[in-house]
Amino acid sequence: MIYEVTNMHYRTVAADEIQKFSQAEQYCFFIDPTDYQPFVDRKMKPEELRGIFSDEGDLLAGLINFPYELYMSGAKVGMGAIAGVVSWPEHRRGGNVGELLIRLMHEEKEKGVPLSGLYPFKQAFYRRYGWEIASAWLTHEIPPEQLAPYRRAEGHVRRFAPGTVDWQVLERIYKAKFAGHLGYKVRETESAWADWPFWGPPAHTAVWYPSPGAEPQGYLIYRFWKDDKGEQALVARELAALTPAAERGLWGYVAQHDSQVRTVRYRTPRDYPVWHLAENTRDVKSTLDAGWMLRFVDFQAAFEQRPWPGAPDASFVIGVADEHLPWNNGTFRLTFEAGRCKVTPAAAETPVLTADQRTWVQIYSGLVRPDQAVRTDHLRCTNLDALHKLVRAIAGQEMWFYEYF
Ligand SMILES: CC(C)(COP(=O)(O)OP(=O)(O)OC[C@H]1O[C@@H](n2cnc3c(N)ncnc32)[C@H](O)[C@@H]1OP(=O)(O)O)[C@@H](O)C(=O)NCCC(=O)NCCS
């Protein structure tokens with residue numbers, strides 16, 4: 001069927017249209033309405049929903065855009081987290097979703113949100129509109145016997161049944177551990193913790209104390225899961241330890257599940273070492289996979305709002321191509337000074353490092369180093385000194401967050 005888009009309207013979904021919106025979500029993602037209702041009740045806020053509507057007011061396509069803030073080396077940078085992108089089948093391949101995404105980017109720019117992130121069903125679909133793979137993760141499968149030495153680890157662990165842990169205890173540890181990192185979601189409210197992790201079986205929490213009654217210094221959020229082969233696994237969903245002793249203690253706690261589970265599963269950024277945990281690393285299976293995609297809503301704001309603690313003082317001119325968002329497209333001077341970056345339009349100058357916005361976002365997230373982008377011909381370089389300075393400015397961690405949305 002060919003559907004002609006004649007007149008469509010981009011707008012926020014009204015409160016009395018939420019059921020209509022959630023019917024599209026249920027249909028498109030095969031979700032059982034009973035499973036979905038708690039999500040609708042707790043997380044679907046009309047102001048975070050956008051739709052393309054027909055003249056008659058029918059919803060043709062829709063999405064959710066959660067307003068996230070990410071810790072970036074101590075600062076907080078806004079990111080719209082796009083989820084639940086749907087289009088009714090009779091209206092597909094008419095361009096509605098493309099239109100929805102780009103209209104949303106214009107709106108986000110107006111609001112001053114520099115970044116947009118999403119998990120793709122197909123990377124090529126979102127790449128066309130400027131999102132690019134900007135994260136990678138390793139999923140480790142560790143037989144619990146491999147963690148046996150940690151059973152003797154020091155400290156004291158307290159277990160909390162789902163929904164019973166004090167969120168402020170977790171938040172203190174989480175913030176102390178991750179606020180200086182890149183990309184972790186700011187979770188300063190009770191609702192942020194109540195919603196995390198939302199989907200899937202209930203999550204238990206283990207909190208580590210150096211001794212009973214002392215200040216807690218680490219936690220692990222985990223759940224049990226039957227894998228594809230029907231084998232029981234313990235999925236370590238999120239581990240935050242302020243000291244190596246806390247980390248050892250929490251892995252020791254996990255190791256005590258050897259009689260219950262065949263595997264311990266843990267997803268980490270690429271630079272988190274896990275091999276030190278295992279007696280025999282060959283028994284640990286680690287799989288590399290691409291994670292979320294990112295886009296600059298506003299390239300200039302994204303570079304300026306984030307501190308650059310490792311950057312040497314330097315100034316050079318770069319070229320950015322963005323075929324969808326004209327304000328990102330052009331020549332800019334980047335000036336790194338005292339750990340901050342100033343971006344100024346420099347149309348009259350000649351860029352020495354030039355790339356598509358999608359390559360710049362991969363560099364920004366730390367997934368791809370600038371010199372790697374030059375090697376793959378995604379970043380054109382005419383000044384090696386500028387390249388080396390950019391490599392130093394970017395060096396360090398990759399962006400990472402635990403949330404799935
Ligand atoms: C994926 C989905 C949202 C696309 O909706 P749509 O209305 O067809 O999107 P659009 O018409 O705006 O598509 C934009 C472009 O991508 C193309 N496209 C559409 N579906 C595609 C697909 N499955 N694979 C590759 N390209 C696709 C369209 O042809 C169009 O290209 P064109 O501009 O050259 O014609 C829709 O198929 C859907 O709801 N699927 C089920 C839920 C889902 O998977 N959502 C995505 C979650 S990340």
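These figures come from a predicted structure and were not determined experimentally. (Residues numbered from 1 in each chain as written. Predicted model: local features only at pLDDT ≥ 70, side-chain atom pairs only at ≥ 80, totals over all residues.)

I keep staring at the sheet that holds strand β13 (residues 263-268) and nothing clicks. Help me out?
Sheets are built from strands that pair by backbone hydrogen bonding, the pairs being arranged parallel or antiparallel. Pairing is mixed across the open sheet formed by seven strands, whose spatial order is β8-β10-β11-β12-β13-β7-β14. Each of the sheet's edge strands pairs with one partner strand only, and the pair in question is β8 (156-160) and β14 (285-290). Across the sheet, the axes of successive neighbouring strands diverge by a mean angle of 25 degrees, strand direction being ignored. Bridging between strand β10 (residues 204-209) and strand β11 (residues 218-226) involves five bridges; their strand directions are antiparallel. Along β11, the bridge assignment pairs Trp208 with Gly218. Strands β10, β11 and β12 (232-241) of the sheet are contacted by helix α5 (residues 167-178), whose axis makes an angle of about 70 degrees with β12. (Pairing = 2+ DSSP bridges. Helix = DSSP H or I, 4+ residues; strand = E, 2+ residues; numbered from the N terminus. Axes fitted to C-alpha atoms, helices over the stretch in contact; angles between N-to-C directions. Contact = placed C-beta atoms within 7 Å.)

Just checking my understanding: could you explain the site of the ligand for this structure?
In the region of the ligand, 18 residues are neighbours, and Cys28, Ser87, Arg92, Val97 and Phe121 sit closest. Those elements that place two or more of their residues in the shell around the ligand are α1 (18-29), β4 (75-87) and α3 (96-111). Tallied by class, the residues present in the shell around the ligand amount to nine nonpolar, six polar and three charged. (Near = placed C-beta within 6 Å. Nonpolar A, V, L, I, M, F, W, Y, C, P; charged D, E, K, R; others polar.)

Help me out: how do you make sense of the nonpolar core in this one?
One broad trend across soluble globular proteins is that nonpolar side chains are buried collectively. Counting residues in each nonpolar core, the largest one holds 67 residues, and the members touching the most others are Leu70, Leu115, Ala134, Met293 and Trp360. In terms of residues, this core owes the most to one element, strand β3 (residues 59-72), which gives nine residues. Among the domains, domain 1 (8-113) and domain 3 (299-394) are the pair contributing at least three residues each to this core. Core analysis: the second largest hydrophobic core is formed by 31 residues, Leu170, Val254, Val264 and Tyr266 among them. (Core = buried A, V, L, I, M, F, W, Y, C linked by C-beta atoms within 7 Å. Buried ≥ 20, exposed ≤ 12 C-beta atoms within 10 Å, placed from the backbone. Domains from an automatic or database assignment.)

Can you help me understand α5 in this one?
Three or four residues apart is the spacing at which side chains of an α-helix point the same way, because the helix has 3.6 residues per turn. Helix length check: α5 (12 residues) gives 16 Å between terminal C-alpha atoms against 16 Å at 1.5 Å per residue, within 8%. Contact partners of the buried residues in α5: α6 (190-194), β11 and β12. (Expected span 1.5 Å × (residues − 1).)

Looking at this model, I keep getting lost on the pairing of strand β15 (residues 293-296). Mind explaining?
Residues in a regular strand point their side chains to alternate faces of the sheet. A two-sided burial pattern is seen for β15, the buried positions comprising Met293 and Arg295 on one face and Leu294 and Phe296 on the other. In this structure, strand β5 (residues 115-118) lies alongside β15, joined through four bridges in antiparallel fashion. The residue bridging Leu115 from the neighbouring strand is Phe296, located in β15. As paired elements, strand β6 (residues 132-133) and β15 share two bridges and run antiparallel to each other. Across the sheet, the residue bridging to Glu132 is Leu294, located in β15.

Would you take a moment to explain the sheet that holds strand β17 (residues 330-337) for this structure?
With respect to topology, five strands assemble into an open sheet ordered β18-β17-β16-β19-β20, the strand pairing being mixed. Where the open sheet ends on each side, the last strands, each with one partner, are β18 (340-345) and β20 (379-381). Sheet twist, expressed as the mean angle between neighbouring strand axes with direction ignored, is 25 degrees. Relative to β17, strand β16 (residues 314-321) runs antiparallel, the two being bridged by seven bridges. Within the sheet, the bridge partner assigned to Val317 lies in β17 and is Arg333. With respect to the sheet, helix α9 (residues 357-365) is in contact with β16, β19 (353-356) and β20, its orientation differing from that of β19 by roughly 105 degrees.

Can you help me understand the domain arrangement of the protein in this one?
Reports often express the size of an interface as the amount of accessible area lost when the parts come together. Entries for the protein in the domain assignment read domain 1 (8-113), domain 2 (138-290) and domain 3 (299-394). Just the C-alpha atoms count here: the centres of domain 1 and domain 3 sit 31 Å apart. Between domain 1 and domain 3, the residue contacts involve nine residues of the former and nine residues of the latter. Where the side of domain 1 that touches domain 3 is concerned, the elements lending two or more residues are β4 and α3. Looking at the side of domain 1 that touches domain 3 element by element, the count peaks at three residues for α3. Class assignment for the residues of the side of domain 1 that touches domain 3 results in five nonpolar, three polar and one charged.

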